[in-house]
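Chain and residue survey
Each chain is listed here by its residues.
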Amino acid sequence: MNLDKFMLRAINESKRFKFTAKPNPVVGAILVKDKEIISEGYHEFFGKNHAEINAIIKAKKLIGKKFNTFDELTLICTLEPCCHHGKTGPCTDAIVESGIKNVVIGALDPNPKVSGKGIKILKENNINILHGVLEKEVEKSNEFFFFKHKTKKPYITVKIARSLNDVSYYANGFPAKITSKESRNDVQTLRANYDAILTGGNTIKNDNPRMNTRVDFATNQSKKILLSSKKFDKEKYKFFYDSDIDIHLNKNLKDIISCYTKSEINSILIEAGPKLTNSFLESGLVDSLIIYSSSSNINGETVKWKISKNTISNLGFKLESRSDIGSDIKEIYKNE
C-alpha cells in the first residue's frame, strides 16, 4: 500500500476546509482496504465532527458492499486522533468501537491534551500504529497550530498599507485610500487566514472600519481584539457590529498576547496605526510583516509610517517574497 499517496491526498483535501475549521487544525482521514479508498472524512466545520468520525460514519453505509468488518480497513489520518472531550467526543473512542486495527498517522498532535495520549490509548486497545508519514507536510498545512503549541504564543503578523511617500493616513484623522482595489481584496483573503484581528482605538476612531472578512467563500469570522482605554459608542462604530470582541485596557503588549497562550487563538493579524504597529514591531512579538505599497503619492498633512528597509532589517526581518498586485507591490517579511 502506498501510504504516502493516501496521506498526501488526505493532507491536500483537508485544506479545502481551512477557513471553516479554524481555529481548529485541518485534518483528513481516509479508510482504505488494500489499495482501494472505502471512505474519506475531513474536519469541515469548527465544533462539528472530526475527520475520523466522518470517515467512519460514511464507511458504515458500505458494510457488506465494499467490506465486511472494520478490521479489514486501515485508517490513515493526518493528525493524531484526539482523546479528550471538547466540542465533540474523543475520536479514539470511535476508532476503538469501530473495530479498526491499523492506524497510520501523519503527525503527533502538539496540543498537550492529546500529544502522545491518543496513540497510547489506541495501542492499549491492540491497534497497530504507524506514525510520522509525511509529518512535515502535515505540520506545514497547520503552520499556525503547530507554531502556537511549540512557542506558547500565537503567530503574529503585522500588515500595513502605505503610499509611495510612506503615508498612513491624513493628520486630521481622515482615512486615506492608499492601495488598489486588488490589494484591498487581497487583504480580505489575508484576514480569512487568521483566527483574530487586532487593532487600536485610534484606528477605530479615525477609520471607523468594520474590520471583518468579506470574501466570496465560506469562512469563520475572526475574533476581534481591541487595545484601547477609550470609550466608544458601539452603535456608532462599525467595528462593534455583530462581533466577538476582546477589549484590553492593559498597555503591556507581552501581557496581552500571553492572554491567548491557552486559548484557541493560534494566529493574530495586526491592522493598526503607526504608533501601535511600531510598538509591536519593537516588542519582538511579531513573526511576519506584510507591506502593501502603492505606486502613488498622497499629498497634504499626513502621518507617515517611517518603516524603512533598514528599520525592517534591524528588527530582524528578512524579505521572503515580493509580488505585484494591481498597481501595488506586496512584500512579505519573516522574522528570522
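Residues numbered from 1 in each chain as written. Predicted model: local features only at pLDDT ≥ 70, side-chain atom pairs only at ≥ 80, totals over all residues. Heavy atoms only, no water.

1. Some words on the overall build of the protein chain
The condition is simple: Put simply, DSSP H or I for four residues or longer makes a helix, DSSP E for two residues or longer makes a strand, and each gets a number counted from the N terminus. Relative accessibility decides the category of a residue: with a 1.4 Å probe and only protein chains considered, values under 20% of the type maximum give buried, values over 50% give exposed, and everything between is partly exposed. Throughout, a residue-residue contact means that at least one pair of heavy atoms, one from each residue, lies within 4.5 Å. Values of accessible area rely on a 1.4 Å probe in the Shrake-Rupley scheme; residue burial ignores everything except the protein chains shown. We treat Lys and Arg as the positive residues and Asp and Glu as the negative residues; His and chain ends play no part in the count. Positions of charges follow a simple convention, taking NZ of Lys, CZ of Arg, CG of Asp or CD of Glu.
When its secondary structure is counted, the protein chain shows 12 helices and 15 strands. C-alpha atoms of the protein chain, sized along the principal axes, occupy 75 × 40 × 35 Å. The buried share of the protein chain, taken over its 336 residues, is 51%. Restricting the contact set of the protein chain to residue pairs at least 6 apart, pairs at least 24 apart contribute 72%. For the protein chain, the exposed area adds up to about 16,600 Å²; of that, 48% sits on carbon and sulfur atoms. Charge centroids of the protein chain, computed over 53 positive and 40 negative side chains, lie 4 Å from each other.

2. With respect to the environment of I63
Examined against the element boundaries, I63 turns out to sit in the loop between α3 (51-60) and β3 (74-79). In this structure, the C-alpha to C-alpha distance between I63 and E80, residues 17 residues apart in sequence, is 25 Å.

3. Some details on the pattern of salt bridges
Rule in force here: A carboxyl oxygen of Asp or Glu within 4 Å of a side-chain nitrogen of Lys or Arg is what we treat as a salt bridge.
The full count for this structure, using the stated rule, is 13 salt bridges. With a shortest N-O distance of 2.7 Å, R191 and E271 are connected by a salt bridge. With R191 in helix α8 (residues 181-192) and E271 in the loop between β11 (267-270) and α11 (274-283), this residue pair connects regions lying 80 residues apart in the sequence. Between E320 and K334 there is a salt bridge, with its nearest N and O atoms 3.3 Å apart.

4. So, the packing of aromatic side chains
The following threshold applies: Within 6.5 Å between ring centres, the rings of Phe, Tyr and Trp (the latter by its six-membered ring) count as paired, and their orientation is classed by plane angle as stacked under 30 degrees, edge-to-face over 60, tilted in between. By definition, being over a ring means that NZ of Lys or CZ of Arg is both within 6 Å of the ring centre and within 35 degrees of the ring normal.
Scanning the model with the defined rule gives 10 aromatic pairs in all. Ring geometry for F147 against Y155: centres 5.0 Å apart, planes inclined by 75°, an arrangement best described as edge-to-face. Residue class for Y155 comes out buried when judged on its relative accessible area of 5%. An aromatic cluster is defined as three or more aromatic residues linked by ring pairs; in this entry it consists of F144, F147, Y155 and Y194. Lying over the aromatic face of F6, K5 brings its terminal NZ or CZ to 5.9 Å of the ring centre. The ring centre of F239 lies 4.9 Å from the NZ or CZ of K224, which sits over that ring.

5. Quick word on the sheet that holds strand β5 (residues 128-131)
Keep this limit in mind: The pairing criterion for strands is at least two bridges between them, as found by DSSP. Here the axes come from fitting lines to C-alpha atoms, over the contacting stretch only for helices, and the angles between their N-to-C directions go from 0 to 180 degrees.
In spatial order, the strands read β2-β1-β3-β4-β5; together these 5 strands make up an open sheet with mixed pairing. In the strand order of this sheet, the two ends are held by β2 (36-42) and β5, each with one partner. Taken pair by pair, the neighbouring strands of this sheet meet at an average axis angle of 20°, ignoring direction. Bridge analysis of β3 against strand β4 (residues 102-107) gives 5 bridges, and the strand direction is parallel. Its bridge partner lying in β4, L79 is registered against A107. Across the sheet, helix α1 (residues 3-14) is in contact with β1 (28-33), β2, β3, β4 and β5; its angle to β2 comes to roughly 30°.

6. Focus: α3
The buried fraction of α3 is high, at 7 of 10 residues. Where α3 is buried, its residues meet β1, β2, β3 and α4 (91-98).

By themselves, these are just geometric observations and shouldn't be taken as functional.
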